[in-house]
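Residues per chain, in single letters:
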Amino acid sequence: MCIPQENKYPNKTLLQITSSNYTLFYRIFQFIGLLLICSVYYWIINYRGGFSLTKAKLIPNWHPIFMTIVLIYLFANAILHYRSFRDTKRNLKYQHAIFFGCIIIILTIAGIATLGSKRFRPLFTNPAIPNLYSLHSWLGIITMAMLLLQFASGFWIYLYPTVAAQYREIMMPYHVFFGVSSFVLAIASGGLGFCEKMIFSLYREYEQFPGEGIIGNCIGLLCIFYGVLVVYMVTKPEFKRCPAPEYQPLI
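Since the model is a prediction, treat every value here as computed from it, not as a measurement.

1. Here's the deal with the nonpolar core
- Membership of the largest hydrophobic core comes to 41 residues, with the highest contact counts inside it found for Phe 29, Val 40, Phe 75 and Tyr 226.
- When residues of this core are traced back to their parent elements, those giving at least two are α1 (13-47), α2 (62-79), α4 (89-116), α6 (165-202) and α7 (211-235).
- Here the element with the most residues in this core is α2; it accounts for 10 residues.

See below:
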């Protein structure tokens, strides 16, 4: 099943129910995503000292907010783009590709900034914390690599004009599977990242249930719940986009 077409259901009952359900889930999805971003911003402003481009201790604070916006919120919106809006198939493809292209560019900048901040770490951590040794780092790198491969393969298969339609149809299930898998890895990496930040920042104080620790745990749980909601919306058969001559906005 999928989001039905109006001409197939003259009484519009099933269409209205399915569209209404998706609209409700979409609004919840957007609310939780924005709440997650605001929660990370609140945590950094009130407990981590805020943001700065010049103060060495505050430069790493850009990493969690950028990754939350790009690798979780925008990534989720890009995945649900086909289900949320109606347009010609070609336009949806271009919009989907532009969405992911922007995500990759911002991710690259954020990744370089994070790795480049290593030279500042001796100023506020002694000894300096090395790069790329934790599971959070490994999952982040794997997620970015999968995104790059997804973007390159998707661009060639679905936007390159000489690729036969039969091959596009064959590859679609794999494209969807690896896209959702990349998002799940992004959620896992984000949850581990928040936990890692709490441990490094609070040390033994984390055991005493401080306010920052509770907020950090709540952010991690919110991140996981957001990921579960997105996967549910992507995999629910009733929410799948049906081909139609014309697409009208659903929400």
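2. Re the pattern of salt bridges
- Summed over all chains, the structure comprises three salt bridges.
- A salt bridge links Arg 48 to Glu 212; the shortest N-O distance between them is 2.8 Å. Separated by 164 residues along the polypeptide, Arg 48 in the loop between α1 and α2 and Glu 212 in helix α7 bring together distant segments of the chain.
- The closest approach of N and O atoms between Lys 236 and Glu 238, which form a salt bridge, is 3.5 Å.
- Given the relative accessible area of 22%, Lys 236 is considered partly exposed.
- Judged by its relative accessible area of 24%, Glu 238 is partly exposed.

3. Some thoughts on the packing of aromatic side chains
- Taken as a whole and judged by the stated rule, the model has 14 aromatic pairs.
- Plain terms: the ring middles of Phe 75 and Phe 100 are 5.4 Å apart, the flat faces sit at 85 degrees to each other, and that makes the pair edge-to-face. Residue Phe 75 is found in helix α2, and its partner Phe 100 is found in helix α4; the two are separated by 25 residues along the sequence. Take Phe 75 and Phe 100: they sit in the same class, and that class is buried.
- By way of ring pairs, the aromatic residues Tyr 22, Phe 25, Tyr 26, Phe 29, Tyr 226, Tyr 232 and Phe 239 are connected into one cluster.
- Above the plane of the ring of Phe 239 lies Lys 236, whose end atom (NZ or CZ) is 5.6 Å from the centre.

4. A short note on the UniProt feature "transmembrane region" (unreviewed entry) in the protein
- The UniProt record annotates "transmembrane region" (unreviewed entry) at residues 24-45, 65-85, 97-117, 137-160, 172-194 and 214-234.
- A distance of 27 Å separates the end C-alpha atoms of residues 65-85, which is 90% helix and 0% strand.
- In residues 137-160, helix accounts for 92% and strand for 0%; the two terminal C-alpha atoms are 33 Å from one another.

The rules behind these values
- The residue count restarts for each chain, going from 1 along the sequence in the order it is written.
- Local features are withheld for residues below a pLDDT of 70 in this predicted model, meaning they are given only at 70 or higher, and side-chain atom pairs are given and counted only at 80 or more; totals for whole chains, interfaces and linings count all residues.
- To get the side-chain values, all heavy atoms of the structure are used, and hydrogens and water are removed first.
- The definition of a nonpolar core used throughout is a set of buried Ala, Val, Leu, Ile, Met, Phe, Trp, Tyr and Cys residues joined through side-chain atoms within 4.5 Å.
- Each residue gets one of three labels from its accessible area relative to the maximum for its type: buried under 20%, exposed over 50%, partly exposed in between, using a 1.4 Å probe on protein chains only.
- Note on conventions: DSSP H or I runs of at least 4 residues are helices, E runs of at least 2 residues are strands, and numbering of each starts at the N terminus.
- Put simply, a salt bridge is a Lys or Arg side-chain nitrogen that is within 4 Å of an Asp or Glu carboxyl oxygen.
- Two rings belonging to Phe, Tyr or Trp (six-membered ring only in the last case) form a pair when the distance between their centres is within 6.5 Å. Interplanar angles under 30 degrees mark stacking, angles over 60 mark edge-to-face geometry, and anything in between is tilted.
- By definition here, charges over rings are those cases where NZ of Lys or CZ of Arg is within 6 Å of the ring centre and within 35 degrees of the ring normal.
- UniProt positions are given in the numbering used here, feature names are shortened, and annotations may be inferred rather than shown by experiment.

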